[in-house]
Amino acid sequence: MTDRPQFSIITPIYNEEGNIQLLYQRLRDVMDATGESWEAIMVNDGSQDGSLALIDAIAAQDERVKVLNFARNFGHQIAVTAGIDYADGHAVVLIDADLQDPPEVIADLIAKWREGYEVVYAVRAERHGESRFKIWTAKLFYRLIYRITDVNIPLDTGDFRLMDERVVRVLRQMREHNRFIRGMTSWVGFRQTGVDYVRHARHAGETKYPLRKMIRFAWDAITGFSYFPLQIMVYFSGILGFLAVLTIPVVATLRIMRGPDFFGGQATTIVLLLMLSAFQLFFLFILGQYVARIYDETRDRPLYVVSSTRNMNGDDEKNGAPTKEALKRPGTSHRTSRNFE
Ligand code: UDP
Ligand code: MG
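This report concerns the structure included in the present document. (Residues numbered from 1 in each chain as written. Chains lettered and ligands numbered in written order. Predicted model: local features only at pLDDT ≥ 70, side-chain atom pairs only at ≥ 80, totals over all residues. Heavy atoms only, no water.)

## Side note on the overall build of the protein
A tally of helices and strands in the protein yields 11 helices and eight strands. When the backbone C-alpha atoms are referred to their principal axes, the protein occupies close to 90 × 40 × 40 Å. In the protein, which comprises 341 residues, the share counted as buried stands at 48%. Taking the intrachain contacts of the protein between residues at least 6 apart in sequence as the baseline, contacts between residues at least 24 apart amount to 82%. For the protein, the accessible surface area stands at approximately 17600 Å², while carbon and sulfur atoms represent 60% of it. Taken together, the 41 basic and 41 acidic charged side chains of the protein have centroids lying 6 Å from each other. (Helix = DSSP H or I, 4+ residues; strand = E, 2+ residues; numbered from the N terminus. Buried < 20%, exposed > 50% of the residue type's maximum accessible area, 1.4 Å probe, protein only. Contact = heavy atoms within 4.5 Å. Areas by Shrake-Rupley, 256 points an atom, 1.4 Å probe, with all protein chains shown as cover. Lys, Arg positive; Asp, Glu negative; His and termini not counted. Charge placed at Lys NZ, Arg CZ, Asp CG, Glu CD.)

What follows is the structure in structure tokens.
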């Protein structure tokens, strides 16, 4: 038990070769300054560039750096999940690899944790080096999520945060496949607070979140934490039903006054038919989206596949790691403790 580090820093890495060296140096400086033990879990999410070789070289020199290498690209939220599963620390910090989240802010997060908060999230007071479109859509997204979900998800907050082991233990039990980690953390509860910070431009490389992925991410957040898209159907059905009832006396009156041909013709019928079909198909699509998510859960595949690890040996026995029983449960990750060589 004594060899558990105080802090675990989790970084998802997908094609970040230009950032890794500086990330490691800045993390090391910040964490060494705390005077406490720490580990850094670098999750290589199927990078196609030299990222793996770089983190591997760092891990070979500094055994506090642990490598979790995925069998393919599983996505940002899944990479963070794996890091959470493997973390041993009493407090766990999630941070991006591109240095948009300055590692120095971790000191502020830790200070709040010491005050007794179980979750300390970093709030983007300012954002630099991102397109207007991204900032605007992100703002809209956070506000929409805030309005339509039941859990209190803080505004303008990404995954950059510190979580106490009590929260981490709960998160490990939440094996849902379409994951929105910041929502899941809010759902857990305990004492949560925010710390303002300035989000910088990427140090190197480009965003791995093109519009397509952003929409998917937003949709996972909405479907994972809200029934709103299903519930608005009832309003539409109400409005359409009301219109239908209203149409009968209106058309009857007009025909009596202006002759039987008024409102005749197929054009009106065709337009209405197409419009209503479009409505119905749209809501069928929404229904399908929820059904597909049920399907994802029932198939119960592991969330990720680990190809290799480094500096992770024997972690099953350690206290903070997921227990063997938990990992035998269907739907949990497959841990293969095969080391590189
Ligand atoms: N990332 C990942 N897998 C992916 C996409 C991204 O592990 O499929 C990592 C990426 O390397 C970075 C973090 O997730 O450390 C955030 O990604 P990015 O900076 O591209 O997102 P943005 O900050 O632009 O929203
Ligand atoms: Mg980024």
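More follows now that the structure is in view.
## Thoughts on the environment of Val251
Positionally, Val251 belongs in helix 9 (residues 228-258). Spatially, the C-alpha atoms of Val251 and Gln21 are 74 Å apart, while their sequence positions differ by 230 residues.

## Looking at the coordination of the magnesium ion (ligand 2)
Protein coordination at the magnesium ion (ligand 2): the donors are Asp98 (OD) and Gln100 (OE1), at 1.9 Å from the metal. Each member of the pair Asp98 and Gln100 is classed as buried. (Donors = N, O, S within 2.8 Å, 3.2 Å for Na, K, Ca; no water.)

## A look at the packing of helix 1 (residues 20-33) against helix 2 (residues 51-61)
Close contact between helix 1 and helix 2 brings their axes to 10 Å; oriented N to C, the two are set at 30°. Between helix 1 and helix 2, the angle is such that the two are roughly parallel. Relative to helix 2, helix 1 is oriented so that their crossing is right-handed. Here helix 1 contributes Ile20, Gln21 and Tyr24 to the contact with helix 2, which in turn contributes Ser51, Leu54, Ile55 and Ile58. Within the contact of helix 1 with helix 2, the residues separate by chemical class into five nonpolar, two polar and no charged. (Axes fitted to C-alpha atoms, helices over the stretch in contact; angles between N-to-C directions. Parallel < 35°, antiparallel > 145°, perpendicular 65-115°, else oblique. Left-handed = near helix turned anticlockwise from the far one by under 90°. Nonpolar A, V, L, I, M, F, W, Y, C, P; charged D, E, K, R; others polar.)

## Comments concerning the packing of aromatic side chains
Pairs of aromatic rings are described using the distance from one ring centre to the other and the angle between the two planes. Within this structure, the stated rule accounts for 16 aromatic pairs. Measuring from centroid to centroid gives 6.0 Å for Phe180 and Phe225, while their planes differ by 65°, and the two rings are edge-to-face. One end of the pair, Phe180, is in the loop between helix 6 (165-173) and helix 7 (181-188); the other, Phe225, is in helix 8 (residues 211-225), with 45 residues separating them in the sequence. Considered together, Phe180 and Phe225 belong to a single accessibility category, that of buried residues. Chaining the aromatic ring pairs together yields one cluster made of Phe141, Tyr142, Phe180, Tyr209, Phe217 and Phe225. For Arg72, the ring lying beneath its charged end belongs to Phe74, and the centroid distance is 3.9 Å. (Phe/Tyr/Trp six-rings, centres within 6.5 Å; stacked < 30°, edge-to-face > 60°. Lys NZ or Arg CZ within 6 Å of the ring centre and 35° of its normal.)

## Focus: the site of ligand 1
If you check the shell around ligand 1, you find 19 residues, and the closest are Glu16, Asp98, Gln100, Thr207 and Lys208. At a separation of 2.5 Å, an oxygen atom of ligand 1 approaches a polar side-chain atom of Glu16. Contact with the protein chains hides 95% of the accessible area of ligand 1, taken as 520 Å² for the molecule alone. Counted by class, the shell around ligand 1 contains five nonpolar, five polar and nine charged residues. (Near = heavy atom within 4 Å. Polar contact = N/O pair within 3.5 Å; in protein donor to acceptor, adjacent residues only side chain to side chain.)

## Quick word on the sheet that holds strand 2 (residues 38-44)
With respect to topology, eight strands assemble into an open sheet ordered 7-5-6-4-1-2-3-8, the strand pairing being mixed. For this open sheet the edge positions go to strand 7 (192-199) and strand 8 (306-310), each flanked by a neighbour on one side alone. Put simply, the sheet's adjacent strands are angled 20° from each other on average, direction ignored. As defined by bridge partners, strand 5 (residues 119-127) adjoins strand 6 (residues 157-164) across four bridges and the pair is classed as antiparallel. By the bridge assignment, Val123 is partnered in strand 6 with Thr157. Packing against the sheet, helix 7 makes contact with strand 4 (91-94), strand 5, strand 6 and strand 7, and its axis sits at approximately 40° to strand 6. (Pairing = 2+ DSSP bridges.)

## Quick look at unusual backbone geometry
Located in the positive-phi region is Asp156, a residue other than glycine, with phi close to 50°. Along the polypeptide, Asp156 turns up in the loop between helix 5 (132-148) and strand 6. Positioned with a positive phi, Phe190 is a non-glycine residue whose angle comes to about 65°. Along the chain, Phe190 turns up in the loop between helix 7 and strand 7.

## Considerations on the side chain of Arg4
As for its placement among the helices and strands, Arg4 is situated in the segment before strand 1 (7-13). A polar contact is formed between the side chain of Arg4 and the backbone oxygen of Asp88, at a distance of 2.8 Å. At 2.9 Å, the side chain of Arg4 and the side chain of Glu165 are in polar contact.

## Examining a nonpolar patch on the surface
A grouping of Val234, Tyr235, Ile239, Phe242, Leu243, Leu246 and Val250 is seen on the molecular surface, where their side chains present a nonpolar patch of about 710 Å² in accessible area. Tracing the backbone through its elements, the reader meets Val250 in helix 9. (Patch = residues over 30% accessible without salt bridge, like charges linked within 9 Å, V, L, I, M, F, W, Y side chains within 5 Å. Salt bridge = Lys/Arg side-chain N within 4 Å of Asp/Glu carboxyl O.)

## Description of the nonpolar core
Counting residues in hydrophobic clusters, the biggest one holds 44 residues, and the most contacted among them are Phe70 and Tyr304. Among the nonpolar cores identified, the runner-up in size contains 33 residues, and Val30, Ala91, Ala97 and Val195 belong to it. (Core = buried A, V, L, I, M, F, W, Y, C linked by side-chain atoms within 4.5 Å.)

## Focus on helix 10 (residues 266-299)
Across its 34 residues, helix 10 extends 47 Å between first and last C-alpha, which sits within 8% of the 50 Å expected from 1.5 Å per residue. The set of residues buried in helix 10 consists of Phe283, Ile286, Gln289, Tyr290 and Arg293. Buried residues along helix 10 sit in contact with helix 8 and helix 9. Just downstream of helix 10, Asp300 is the residue with a positive phi angle, here 55°. (Expected span 1.5 Å × (residues − 1).)

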